[in-house]
Amino acid sequence: MGAPIERVELRRVALPLVAPFRTATVDLTVREVLLVRVVAGGVEGWGECGALPEPGYTAEYVDGAHGILRQHLVPLALAAGEIDGASLGAVLAPVRGHPMAKAALEVAVLDAELRATGGSLAARLGGTRDRVECGVSVGRFPVAELLEQVEGYVADGYRRVKLKILPGHDVEPIAAVRAKFPDVALWADANGSYSPDDRDALRALDEYGLGLLEQPLPEDDLLGSAAVAAEIATPVCLDEAITSARAADQAIALGACSVVNVKAARVGGYLEAVRVHDVGRARDVPVWCGGMLETGIGRAANLAVASLLGFTLPADLSASARYFARDVIVEPFTLAPDGTMAVPTSAGLGVTVDLDYLDAITLDREVLAP
Ligand code: SMG
Ligand code: MG
């Protein structure tokens, strides 16, 4: 067992994005993000909450995550005595739902524990690769601007490009990108915006050689997703629908997907993300690491989990500069020309938080103690 938690800081920061990020359900120009800083045994650890300011991607949002952490999750963790990343899940289990808030606290506890003992998060999770293949997820833009954005990312070396689509805004951007970049590995993400009646529109996407179609239908429609998967040639990947390793196992068994997007935030933490990865391996389904426009803190943790061998497709993990003019860590993440990024190897998350910059962009900060 680890050390008792001495205090927990909840800090909200706002980082302007270098380009707007629009999906079927989200419209962002600034990434407002909730950070968790834990001190245990005199050592600090950091975590990032994936929640967005509005509940457009899933039900969670920054204010809600902040409230559940302040009122329920942090008090449970502070009252638990000796605790570590492995035992935290049971401590937080009385609170239903709120996976992004739980994941943020879990990774902060893991970071503190690992900084005390010297191991990297990647090694703790069972990761073995030292570099991760990276892709880029591009928000919705007018076509001319979209082509410009994609051109830049292809030149940077990203291994694949993911486009955001919704009904009525699908064939046009996909066909335009496909025409200009015939060989680029291209994916599309609908964020649950189609209905089972839109099968013709979904079938029409088959002719563009997409590597996968992510979350075509709403998250609770697994049978609908299985019907779509049976009807179209493009592999169906699920994102929002995969809330746990059990959900992944059942979705695959139902034929609702043949690829899984693994996001620690969405499944309640990095330890559960490893279990989703294990389900994928057991069922011979490729998995890849999704993203939530994380700062360098969350990106470090995503790189750690993406270093596990079952992550066989490029991640939604891009360089710091793809998101922010200035990241919150001292050494921003950069993409190598071969489209890979290095997995941090030093203790815990393996990054140094730039506290001066963080202070400059902090909107709100509170400290909770027993
Ligand atoms: O982190 O590069 C990133 C963004 C990846 O597209 C991305 N995430 O549905 O997969 C998804 C979205 C969820 C977040 S919308 C801001
Ligand atoms: Mg998605």
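Residues numbered from 1 in each chain as written. Chains lettered and ligands numbered in written order. Predicted model: local features only at pLDDT ≥ 70, side-chain atom pairs only at ≥ 80, totals over all residues. Heavy atoms only, no water.

Caption draft 1: The arrangement of the packing of aromatic side chains in detail. All told, the structure shown has 3 aromatic pairs when counted by the stated rule. With a centroid separation of 4.8 Å and an interplanar angle of 65 degrees, the aromatic rings of tryptophan 187 and tryptophan 288 are classed as edge-to-face. Of this pair, tryptophan 187 sits in strand β7 (residues 186–189) while tryptophan 288 is found in strand β11 (residues 287–289), placing the two residues 101 residues apart along the sequence. Like tryptophan 187, the residue tryptophan 288 is buried in the burial classification. Between tyrosine 323 and phenylalanine 324, the ring centres sit 5.8 Å apart and the planes meet at 35 degrees, which makes this aromatic pair tilted. Accessibility expressed as a relative area gives 5% for tyrosine 323, which makes it buried. The ring of tryptophan 187 has arginine 160 sitting right over it, with the charged end atom 4.0 Å from the ring centre. The ring of tryptophan 288 carries arginine 160 above its face, with NZ or CZ at 5.2 Å from the centroid. (Phe/Tyr/Trp six-rings, centres within 6.5 Å; stacked < 30°, edge-to-face > 60°. Helix = DSSP H or I, 4+ residues; strand = E, 2+ residues; numbered from the N terminus. Buried < 20%, exposed > 50% of the residue type's maximum accessible area, 1.4 Å probe, protein only. Lys NZ or Arg CZ within 6 Å of the ring centre and 35° of its normal.)

Caption draft 2: Layout of the coordination of the magnesium ion (ligand 2). Protein-derived ligands of the magnesium ion (ligand 2) are Asp189 (OD), Glu214 (OE) and Asp239 (OD), with the metal-ligand distances lying across 2.1 to 2.2 Å. In primary-sequence terms, the residues that donate to the magnesium ion (ligand 2) follow D-x24-E-x24-D. Of the two residues, aspartate 189 sits in strand β7 while aspartate 239 sits in the loop between β9 (236–238) and α9 (245–254), which places them 50 residues apart along the sequence. Each of the two residues, aspartate 189 as well as aspartate 239, counts as buried. (Donors = N, O, S within 2.8 Å, 3.2 Å for Na, K, Ca; no water.)

Caption draft 3: Molecular detail of the domain arrangement of the protein. Per the domain assignment, the segments making up the protein are domain 1 (3–118 + 354–368) and domain 2 (123–342). A separation of 23 Å is found between the C-alpha centroids of domain 1 and domain 2. Each side of the interface is counted separately: domain 1 has 37 residues, and domain 2 has 42 residues. Between domain 1 and domain 2 the total buried area reaches about 3,200 Å² when both faces are included, carbon and sulfur atoms providing 67% of it. Sorting the residues of domain 1 by area buried against domain 2 places Phe21, Glu48 and Tyr57 first, and these three jointly supply 20% of that buried surface. In this assembly, domain 1 and domain 2 are joined by 1 salt bridge. With a closest N to O distance of 2.9 Å, arginine 326 and aspartate 354 form a salt bridge. Of all the elements in the fold, those that place two or more residues in the side of domain 1 that touches domain 2 are β1 (5–22), β2 (27–40), β3 (43–48), α2 (85–92), α3 (99–117) and α14 (355–360). In terms of residues, the side of domain 1 that touches domain 2 owes the most to one element, α3, which gives 9 residues. Of the residues contributing to the side of domain 1 that touches domain 2, the split by class is 24 nonpolar, 6 polar and 7 charged. (Domains from an automatic or database assignment. Contact = heavy atoms within 4.5 Å. Buried area = accessible area lost by both parts, 1.4 Å probe. Salt bridge = Lys/Arg side-chain N within 4 Å of Asp/Glu carboxyl O. Nonpolar A, V, L, I, M, F, W, Y, C, P; charged D, E, K, R; others polar.)

Caption draft 4: A look at the pairing of β2. Most of β2 sits out of view: 11 of its 14 residues are buried. Sheet topology note: the β1/β2 ladder contains 13 bridges and is antiparallel. Note that in β2 the partner of arginine 12 across the bridge is leucine 34. Bridging between β2 and β3 involves 6 bridges; their strand directions are antiparallel. (Pairing = 2+ DSSP bridges.)

Caption draft 5: Seen up close, the sheet that holds β11. With parallel pairing, the 7 strands of this open sheet are ordered in space as β5-β6-β7-β8-β9-β10-β11. Of all the strands in the sheet, just β5 (136–138) and β11 have a single pairing partner and so form its edges. With 3 bridges joining them, β5 and strand β6 (residues 161–164) adopt parallel strand pairing. Note on β6: the bridge partner recorded for serine 137 is lysine 162.

Caption draft 6: Molecular detail of the sheet that holds β1. Strand order in the open sheet formed by 4 strands is β3-β2-β1-β13, with antiparallel pairing between adjacent strands. The sheet is open, and its two borders are formed by β3 and β13 (362–368), each paired with just one other strand. Sheet twist, expressed as the average angle between the axes of neighbouring strands with direction ignored, equals 20 degrees. Note: β1 against β13, 6 bridges, orientation antiparallel. Looking at the pairing, arginine 11 lines up with arginine 365 of β13. (Axes fitted to C-alpha atoms, helices over the stretch in contact; angles between N-to-C directions.)

Caption draft 7: Here's a closer look at the packing of helix α11 (residues 270–282) against helix α12 (residues 296–306). Where α11 meets α12, the axes come as close as 11 Å, and the angle between the chain directions of the two elements is 30 degrees. Between α11 and α12 lies a crossing of right-handed hand. Taking contact as the criterion, the partners of Tyr270, Ala273 and Val274 in α11 are, on α12, Gly298, Ala301, Asn302 and Val305. Along the lines of polarity and charge, the residues of the contact of α11 with α12 split into 5 nonpolar, 2 polar and no charged. (Left-handed = near helix turned anticlockwise from the far one by under 90°.)

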